[in-house]
Amino acid sequence: MLGDFPARRMVLGWLKAGVVETGVGFAPTTEGVPQGGVISPLILNIALHGLEEAAGVRYQSGASADKVTPTSPAVTRYADDLVVCCHTRQQAEQVKAKLAEWLAPRGLAFNEAKTRIVHLTEGFDFLAFNLRRYRNGKLLITPSKAAVKEFRKRLAREFHALRGANVAAVLARIVPITRGWVAYHRTVVSSRVFDALGNYLWKLTYKWACWSHSNKPKRWIVQRYYGKFNKFRGDRWVFGDRATGAYLPKPSWTEIVRHTLVKGGASPDDPDLTRYWAQRRRKVKPPLDSATVRLLSRQDGRCPFEDPPQTPQGWEWWYLWVTKKAITADYLVCQDEPDTSRDRRTHLVHAHCSRRKNPVRVAASTVL
């Protein structure tokens, strides 16, 4: 969709007017929905419906109906944050003028402080990603430097706040945050970033352990908090809790899986496309370790999955939900031997189901 043409980021700043429900009915208000409200994206999609047509976007017909015409601009939008890709700077300025005219009757306007026209070789940030075409002609999408910097700051704040807490509290807080951020960025070129974050996480965990046991030698600290917690990997420098077997997965363990574009104008609300969306959801590989994914596949996905979240915070909450409700690994006496019956093999069960069962030996490697 980007091609060899300049790209422009347009961030719309606007005020929403609506109504507030009171005890006696509805009253007019100029406050509207708070920023970050769960219904804000829906309101924006309704308010900005038709923006592509106003920008002059034209699609081909027939088998290529999901592709824009060769001379048409291309618009990518998420809520009120959008990018318009054009062939020339003059076309970009014309599109901006058209959209400004289209937005004015709706009480909206561009945020000029955040709206700019740049060439694709300079690169630009969009939704925590950086898009840039390099000299060799390759277009690479990577986590933006600002997003990485902010995430490292958040990790440092969390570890500082967790001083005095035990290792279980550290894992319960850090694991969803880390896996959520990694899951959001796993669809782009992120391998080097994940490796660097893994090293940074090790430093934070080691610093936390040394602060918690300032009177203990370093060898004692390493033996207590680091080891080969994941039996499917040979890494012996994994931070974890020896009492429960829970551990902190390294970002580099997450596989890079490219995002598959939605076909044409397919909508999840279209009843005629129910089968398409069901097949698409089944193909989405959950960002869990390979052992857990294999077990889930063998169980025909018995643990329910929702649509993949679209933000790091969404993935963070997804992992919290999985940890609390979905998965506990029970390694029984017989583990995946050829002559072992299906009901006696290693399997995944819901946590509430596990509590109702007879006590079993819990695996050293759970979802945490």
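The structure reproduced in this document is the subject of the present report. Note that the coordinates shown come from a computational prediction; the quantities given were computed from them, not determined experimentally. (Residues numbered from 1 in each chain as written. Predicted model: local features only at pLDDT ≥ 70, side-chain atom pairs only at ≥ 80, totals over all residues. Heavy atoms only, no water.)

## A short note on the overall build of the protein
Each helix and strand in the protein was counted, giving 11 helices and 14 strands. Expressed as a percentage of the 368 residues in the protein, the buried residues total 41%. If you take every contact in the protein between residues at least 6 apart in sequence, the share linking residues at least 24 apart comes to 57%. Accessible area for the protein stands at about 22,100 Å²; split by element, carbon and sulfur atoms hold 53% of it. (Helix = DSSP H or I, 4+ residues; strand = E, 2+ residues; numbered from the N terminus. Buried < 20%, exposed > 50% of the residue type's maximum accessible area, 1.4 Å probe, protein only. Contact = heavy atoms within 4.5 Å. Areas by Shrake-Rupley, 256 points an atom, 1.4 Å probe, with all protein chains shown as cover.)

## Structural notes on the nonpolar core
By size, the foremost hydrophobic cluster in this structure holds 29 residues, and its most contacted members are Leu 155, Ile 174, Trp 181, Trp 208, Tyr 225 and Phe 239. At the level of elements, α4 (145-161), α5 (167-184), α6 (191-212) and α7 (218-225) are the ones that each hand at least two residues to this core. Not counting chain neighbours up to four residues away, the residues in contact with Phe 239 comprise Val 167, Val 170, Leu 171, Thr 205, Trp 208, Tyr 225, Tyr 226, Phe 229, Tyr 247 and Leu 248. (Core = buried A, V, L, I, M, F, W, Y, C linked by side-chain atoms within 4.5 Å.)

## A few points about the packing of aromatic side chains
Within the structure shown, the criterion is met by 12 aromatic pairs. Plain terms: the ring middles of Trp 208 and Phe 239 are 6.0 Å apart, the flat faces sit at 90 degrees to each other, and that makes the pair edge-to-face. Here the residue Trp 208 occupies a position in helix α6, and Phe 239 occupies one in strand β12 (residues 238-239), the gap between them amounting to 31 residues. Phe 239 carries the same exposure label as Trp 208, and that label is buried. Members of the aromatic cluster, connected to one another through ring pairs, are Trp 202, Tyr 206, Trp 208, Tyr 225, Tyr 226, Trp 237 and Phe 239. Just above the ring of Trp 102 sits the side chain of Arg 106; from NZ or CZ to the centre is 3.8 Å. Residue placement shows Arg 152 over the ring face of Tyr 200; its charged tip is 4.1 Å from the ring centre. (Phe/Tyr/Trp six-rings, centres within 6.5 Å; stacked < 30°, edge-to-face > 60°. Lys NZ or Arg CZ within 6 Å of the ring centre and 35° of its normal.)

## A closer look at a nonpolar patch on the surface
Where nonpolar side chains cluster on the molecular surface, the patch consists of Val 38, Ile 39, Leu 42 and Ile 46 and spans about 450 Å² of accessible area. With respect to the helices and strands, Val 38 occurs in the loop between β3 (25-29) and α1 (40-47). On the basis of relative accessibility, which here comes to 85%, the residue Val 38 falls in the exposed class. (Patch = residues over 30% accessible without salt bridge, like charges linked within 9 Å, V, L, I, M, F, W, Y side chains within 5 Å. Salt bridge = Lys/Arg side-chain N within 4 Å of Asp/Glu carboxyl O.)

## What to know about unusual backbone geometry
Residue Leu 127 is not a glycine yet carries a positive backbone phi of 55 degrees. Structurally, Leu 127 can be placed in the loop between β8 (124-126) and β9 (129-133). The phi torsion at Ala 128 lies on the positive side, around 70 degrees, for a residue other than glycine. Here Ala 128 shows up in the loop between β8 and β9. Judged by relative accessible area, which is 27%, Ala 128 ranks as partly exposed.

## A word on the sheet that holds β9
The three strands lie next to each other as β8-β9-β10, forming an open sheet whose pairing is antiparallel. Only two strands of the sheet have a single neighbouring strand rather than two, namely β8 and β10 (139-143). Taken over all neighbouring pairs, the strand axes of this sheet differ in orientation by 30 degrees on average, direction set aside. The pairing of β8 with β9 spans three bridges and is antiparallel. The partner of Phe 126 across the bridge, within β9, is Phe 129. (Pairing = 2+ DSSP bridges. Axes fitted to C-alpha atoms, helices over the stretch in contact; angles between N-to-C directions.)

## So, the pattern of salt bridges
Per the counting criterion, the structure on display carries six salt bridges. A salt bridge links Glu 158 to Arg 173; the shortest N-O distance between them is 3.0 Å. Separated by 15 residues along the polypeptide, Glu 158 in helix α4 and Arg 173 in helix α5 bring together distant segments of the chain. Arg 173 sits in the partly exposed class, given a relative accessible area of 34%. If you follow the salt bridges from partner to partner, you end up with Arg 154, Glu 158 and Arg 173 in one network.

## Notes on the side chain of Ser 72
Mapped onto the secondary structure, Ser 72 falls in the loop between α2 (51-55) and β4 (74-78). Looking at Ser 72, its side chain comes within polar contact range of the main-chain nitrogen of Arg 58, at 2.9 Å. In contact with Ser 72, other than residues within four places in its own chain, are Gly 56, Val 57, Arg 58, His 87 and Gln 91. (Polar contact = N/O pair within 3.5 Å; in protein donor to acceptor, adjacent residues only side chain to side chain.)

## Describing the pairing of strand β5 (residues 81-85)
The element β5 is largely enclosed, with a buried count of five among its five residues. Of the two faces of β5, the one carrying Asp 81, Val 83 and Cys 85 and the one carrying Leu 82 and Val 84 are both buried. Two elements, β4 and β5, share five bridges in a ladder whose sense is antiparallel. Paired with Tyr 78 across the strands is Asp 81, a residue of β5.

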